[in-house]
Amino acid sequence: KNTMVEVDIKPNPLQPHWYERYVQPCVAELLGSALFIFIGCLSVVEDVEGTGRLQPALAHGLALGLTIAILGDI
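Computed from a predicted model, the values in this text were never measured in an experiment. (Residues numbered from 1 in each chain as written. Predicted model: local features only at pLDDT ≥ 70, side-chain atom pairs only at ≥ 80, totals over all residues. Heavy atoms only, no water.)

A.B. asks: Is there a simple way to think about helix H2 (residues 54-71) in this case?
C.D. replies: Each α-helix turn comprises 3.6 residues. Residues three or four places apart therefore point the same way. Look at H2: 25 Å from first C-alpha to last across 18 residues, which is about the 26 Å you get at 1.5 Å a residue. Among the structural elements, helix H1 (18-42) are those in contact with the buried residues of H2. (Helix = DSSP H or I, 4+ residues; strand = E, 2+ residues; numbered from the N terminus. Expected span 1.5 Å × (residues − 1). Contact = heavy atoms within 4.5 Å.)

Given below as structure tokens:
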């Protein structure tokens, strides 16, 4: 008799490096917050009549979208 037994061997998942686990999320949070606040502050520096609340709202929305697109995978 020829009997074969198939065994599924699952490799152990690699543990993330300490940099990816602790440092990278903190740097991403710092960079994202700084970008969000910096662009938000710059959007109201030149207050032109007629823009009202639209210009800061669009600037914050675009800054948030950009930050999520760049740093979202971290």
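A.B. asks: Before we go on, may I ask you to explain the packing of H1 against H2 in this structure?
C.D. replies: Axes are the key here: two packed helices are described by the angle between their axes and the distance separating the axes. Their axes nearest at 9 Å, the elements H1 and H2 cross at an angle of 160°. Considering the angle they form, H1 stands roughly antiparallel to H2. Taken as a pair, H1 and H2 cross one another with a handedness that is right-handed. Residues Ala28, Leu31, Gly32, Leu35, Phe36, Ile39 and Gly40 of H1 lie in contact with H2, whose contacting residues are Ala59, His60, Ala63, Leu64, Leu66, Thr67 and Leu71. When grouped by side-chain class, the residues that make up the contact of H1 with H2 number 10 nonpolar, four polar and no charged. (Axes fitted to C-alpha atoms, helices over the stretch in contact; angles between N-to-C directions. Parallel < 35°, antiparallel > 145°, perpendicular 65-115°, else oblique. Left-handed = near helix turned anticlockwise from the far one by under 90°. Nonpolar A, V, L, I, M, F, W, Y, C, P; charged D, E, K, R; others polar.)

A.B. asks: What is the right way to read the packing of aromatic side chains from this model?
C.D. replies: Between two aromatic rings, the relevant description is the distance of the centres plus the angle of the planes. All chains considered together, the criterion is met by one aromatic pair. Ring centres of Trp18 and Tyr19 lie 6.4 Å apart, and the angle between their planes is 90°; this geometry places the pair in the edge-to-face category. The exposed category is assigned to Trp18, whose relative accessible area is 53%. Since its relative accessible area comes to 40%, Tyr19 is described here as partly exposed. (Phe/Tyr/Trp six-rings, centres within 6.5 Å; stacked < 30°, edge-to-face > 60°. Buried < 20%, exposed > 50% of the residue type's maximum accessible area, 1.4 Å probe, protein only.)

A.B. asks: Would you take a moment to explain the environment of Ile74 for this structure?
C.D. replies: Mapped onto the secondary structure, Ile74 falls in the segment after H2. Judged by relative accessible area, which is 45%, Ile74 ranks as partly exposed. Separated by 48 residues in the primary sequence, Ile74 and Cys26 have C-alpha atoms spaced 9.8 Å apart. Discounting residues that sit within four places of it in the chain, Ile74 has contacts with Gln24, Pro25 and Ala28.

A.B. asks: Help me understand H1, please; the structure alone is not making it clear to me.
C.D. replies: Compared with an ideal rise of 1.5 Å per residue, which puts 25 residues at 36 Å, H1 spans 35 Å between its outermost C-alpha atoms and is within 8% of the ideal. The largest bend in H1 amounts to roughly 35° and is located at Gln24, with the proline Pro25 lying one to four residues further along. Along H1, the residues classified as buried are Ala28, Gly32 and Gly40. Those residues of H1 that are buried are in contact with H2. (Bend = angle between axes of the 7 residues up to and from the residue.)

A.B. asks: Would you explain a nonpolar patch on the surface in this entry?
C.D. replies: A cluster of nonpolar side chains, contributed by Trp18, Tyr19 and Tyr22, occupies part of the molecular surface with about 400 Å² of accessible area. Relative to the helices and strands, Trp18 resides in helix H1. (Patch = residues over 30% accessible without salt bridge, like charges linked within 9 Å, V, L, I, M, F, W, Y side chains within 5 Å. Areas by Shrake-Rupley, 256 points an atom, 1.4 Å probe, with all protein chains shown as cover. Salt bridge = Lys/Arg side-chain N within 4 Å of Asp/Glu carboxyl O.)

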